[in-house]
Amino acid sequence: MYEPLPMLVESSFQIAWDYLERTGELGNPEVASQVLLETVETMVMRGERRKLLLSNKAINAYKHFRTERHLELVS
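Keep in mind that this is a model prediction, so the values were computed, not measured.

Student: Can you explain the overall build of the chain? Please cite residues and give values.
Tutor: The secondary structure content of the chain amounts to 3 helices and 0 strands. Counting helices and strands in the order they occur from the N terminus, the chain gives α-α-α. Over its C-alpha trace the chain gives a radius of gyration of 13 Å, about what one expects of a compact globule, namely 11 Å for 75 residues. Principal-axis analysis of the C-alpha atoms gives the chain an extent of 45 × 25 × 20 Å. Carbon together with sulfur atoms contributes 55% to the accessible area of the chain, which is approximately 5,300 Å² in total. Between the centroid of the 9 positive side chains of the chain and the centroid of its 11 negative side chains there is a distance of 6 Å.

As structure tokens, this is what we get:
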């Protein structure tokens, strides 16, 4: 099923956001939104159209970002 790109980006972002919010992993909303949106948009520009894959990759990218950020602050 075809979904317009703006709606695909919005839906994928919202799925990722909701998951992170429910699990208590959201952290700073401004940083989270930037990482999630950048990840989804980059993948869409590369041709990815599977909504759940987009949201899962965005979640993983954000978790990785937070882990790396934490390690930098600890070191």
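Student: Which residues make up the environment of Leu5, and what are the values?
Tutor: Position of Leu5 relative to the elements: it lies in helix H1 (residues 5–23). Take Leu5: its relative accessible area is 33%, and that puts it in the partly exposed class. Linking Leu5 and Arg49, residues 44 residues apart in sequence, is a C-alpha distance of 8.3 Å. Residues contacting Leu5, with those up to four places away along its chain left out, are Val44 and Arg49.

Conventions used here
Residues numbered from 1 in each chain as written. Predicted model: local features only at pLDDT ≥ 70, side-chain atom pairs only at ≥ 80, totals over all residues. Heavy atoms only, no water. Helix = DSSP H or I, 4+ residues; strand = E, 2+ residues; numbered from the N terminus. Rg over C-alpha atoms; globule rule 2.2 N^0.38 Å. Areas by Shrake-Rupley, 256 points an atom, 1.4 Å probe, with all protein chains shown as cover. Lys, Arg positive; Asp, Glu negative; His and termini not counted. Charge placed at Lys NZ, Arg CZ, Asp CG, Glu CD. Buried < 20%, exposed > 50% of the residue type's maximum accessible area, 1.4 Å probe, protein only. Contact = heavy atoms within 4.5 Å.

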